[in-house]
Amino acid sequence: MAPASHAAVPDSVSGALDVPKPGTTAQLIHDIQELFKPRVTTMVVVTGWAGFYLGSMQSGISSLQRGLLDTLFGIALVSAGASALNQSIERKSDARMKRTADRPLAAGRFPLAVGVLAGLGALALGAGWLALHTNLLTVALALLTAFTYVAIYTPLKRLTTLATFIGAFPGAMGPLLGWTAARDRIEWPAVALFAILFVWQFPHFMAISWMYRAEYGKAGIKMLPVVQPDGWSTVIEALVYAVVMIPVSLAPWYLGMTGVTYAVIAAILGLFYLAYTIRFAGILRTTDEARSRMLARDLLKVSVIYLPLLMTALMLCAIAKH
């Protein structure tokens, strides 16, 4: 008798092979990505690239060099490590919010030890890589950024609304790290790049905090709309920084980094950002939660569009030094 073409695998054999359930590998890959906050890391890397590019232009050399890749790799590792440590600390509050409850540590798919070891490992590897391929100033700034984000900003979120202001410092370090990697010094153009990222964050964060204020309140996080739910302080802070964003975005032109074309583009983009921030003030005049969220979401979308457009214009219009 001819043997069957598809013999069944005995249960004892399949058990010995310990075949993973369908989707397990995909879930693991997804969880690893989420642990390192790919969106945040990508933004840090992109702004770091802008800083390196502009620093190289200031030196009169091309940014298309091995040093660029080494710098961005090191920055990405440090950012990823800080993100993993942040999630390790916030795993309980993340579990209380719908938007973060599925993160691997919050959902319990990763134990705390995995998050801490992954964070410290990535942080150490990134700092070591930057030490080998850039300079000590960049390493020191990268470690200071991670420390401020993990050890100061993260625990402070449960205590005071000032955490948002403090968190804006590590959030703005990307272009400064790129600049120092290229130039090995902090200069006024680098400070201007830092200031652009610093100021940009406030309307962006006010929109996010308003959209998710109920979840933040449930998790015990002291965002401005949670502590002062009438919305006035949220709107005022967003408007003040949106107004300040216009002259700050023109700082590279003041410093001779770009020509007048950039100044015109930056002014137009700044007015556009301000217009949507003024529109966001409509949350004070509506009791419709759906409309309120829509106004906040629109400002959030515009903020996400505004920054890459501004940085692209800055890089395209940069004047190379000779």
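What counts as what
- Residues numbered from 1 in each chain as written.
- Predicted model: local features only at pLDDT ≥ 70, side-chain atom pairs only at ≥ 80, totals over all residues.
- Heavy atoms only, no water.
- Helix = DSSP H or I, 4+ residues; strand = E, 2+ residues; numbered from the N terminus.
- Buried < 20%, exposed > 50% of the residue type's maximum accessible area, 1.4 Å probe, protein only.
- Contact = heavy atoms within 4.5 Å.
- Areas by Shrake-Rupley, 256 points an atom, 1.4 Å probe, with all protein chains shown as cover.
- Salt bridge = Lys/Arg side-chain N within 4 Å of Asp/Glu carboxyl O.
- pLDDT = per-residue confidence, 0-100.
- Expected span 1.5 Å × (residues − 1).
- 1 Å grid on protein atoms, 1.4 Å probe; cavity = no way out; pocket = protein on both sides within 12 Å on 5 of 7 lines; lining within 4 Å.
- Points joined across faces, edges and corners; volume = space filled by probe spheres on them.
- Nonpolar A, V, L, I, M, F, W, Y, C, P; charged D, E, K, R; others polar.
- Phe/Tyr/Trp six-rings, centres within 6.5 Å; stacked < 30°, edge-to-face > 60°.
- Lys NZ or Arg CZ within 6 Å of the ring centre and 35° of its normal.

With that out of the way, let us pick up the overall build of the chain. Along its length, the chain carries 16 helices and 0 strands. Considering only C-alpha atoms, the chain reaches an extent of 85 × 55 × 40 Å along its principal axes. Buried positions account for 49% of the 322 residues belonging to the chain. Intrachain contacts of the chain at a sequence separation of at least 6 include 74% that bridge at least 24 residues. Carbon and sulfur atoms make up 69% of the accessible area of the chain, which amounts to about 15800 Å² in all.

The next thing to look at is the pattern of salt bridges. Applying the stated criterion across every chain yields a total of 9 salt bridges. The salt bridge involving Arg66 is made with Asp70; its shortest N-O contact spans 3.0 Å. With Arg66 and Asp70 both in helix α4 (residues 66-89) and 4 residues apart, this pair spans about one turn of that helix. Across the pair Arg279 and Asp298 runs a salt bridge whose closest N-O atoms are separated by 2.7 Å. On the criterion of sequence distance, the pair formed by Arg279 in helix α15 (residues 260-280) and Asp298 in helix α16 (residues 289-316) is long-range, its members being 19 residues apart.

A separate point is helix α9 (residues 174-183). The element α9 is extensively covered by neighbouring structure, given that 9 of its 10 residues are classed as buried. Among all positions of α9, only Gly174, Pro175, Leu176, Leu177, Gly178, Trp179, Thr180, Ala181 and Arg183 are buried. In this structure, the buried side of α9 is in contact with α3 (38-59), α4, α7 (136-156) and α10 (188-211). Remark: Asp184 follows α9 within two positions and exhibits a positive phi of approximately 60°.

The next thing to look at is the confidence of the model for the chain. The predicted model of the chain averages 92 in pLDDT, with 93% of residues at 70 or higher. Counting contacts from residues 1-9, a segment whose pLDDT is below 50, to residues more than four positions away or on other chains yields 1 contact. Low pLDDT, under 50, characterises residues 12-17; the predicted model gives this stretch 2 contacts beyond four residues in sequence or across chains.

Here helix α13 (residues 232-249) is 18 residues long and its end C-alpha atoms lie 26 Å apart, about the 26 Å a rise of 1.5 Å per residue gives. Where α13 is concerned, the buried positions are Ser233, Thr234, Val235, Ala238, Tyr241, Ala242, Met245, Ile246, Val248 and Ser249. Where the residues of α13 are buried, they touch α8 (162-171), α10, α12 (224-227), α14 (251-254), α15 and α16.

This brings us to empty space enclosed by the protein. A full pass over the atoms with the stated rule returns 1 cavity of 30 Å³ or more. When its volume is computed, the largest cavity comes out at roughly 40 Å³. Leu54, Met57, Gln58, Met257, Ala318 and Ile319 together form the lining of the largest cavity. Its residues assigned to classes, the lining of the largest cavity shows 5 nonpolar, 1 polar and no charged.

Given two aromatic rings, their pairing is described by the distance between the two centres and the angle made by the two planes. Evaluation of the coordinates by the stated rule reveals 13 aromatic pairs. Centre to centre, the rings of Phe169 and Phe194 are 6.2 Å apart; their planes meet at 40°, and the pair counts as tilted. Separated by 25 residues along the polypeptide, Phe169 in helix α8 and Phe194 in helix α10 bring together distant segments of the chain. Judged by its relative accessible area of 36%, Phe169 falls in the partly exposed class. Ring-pair connections join several aromatic residues into one group, and the members of that group are Phe165, Phe169, Phe194, Phe198, Phe202 and Tyr241. Over the ring of Tyr212 we find Arg99, and its NZ or CZ is 4.5 Å from the ring centre. Its end group placed over the ring of Trp210, Arg213 keeps NZ or CZ at 3.9 Å from the ring centre.

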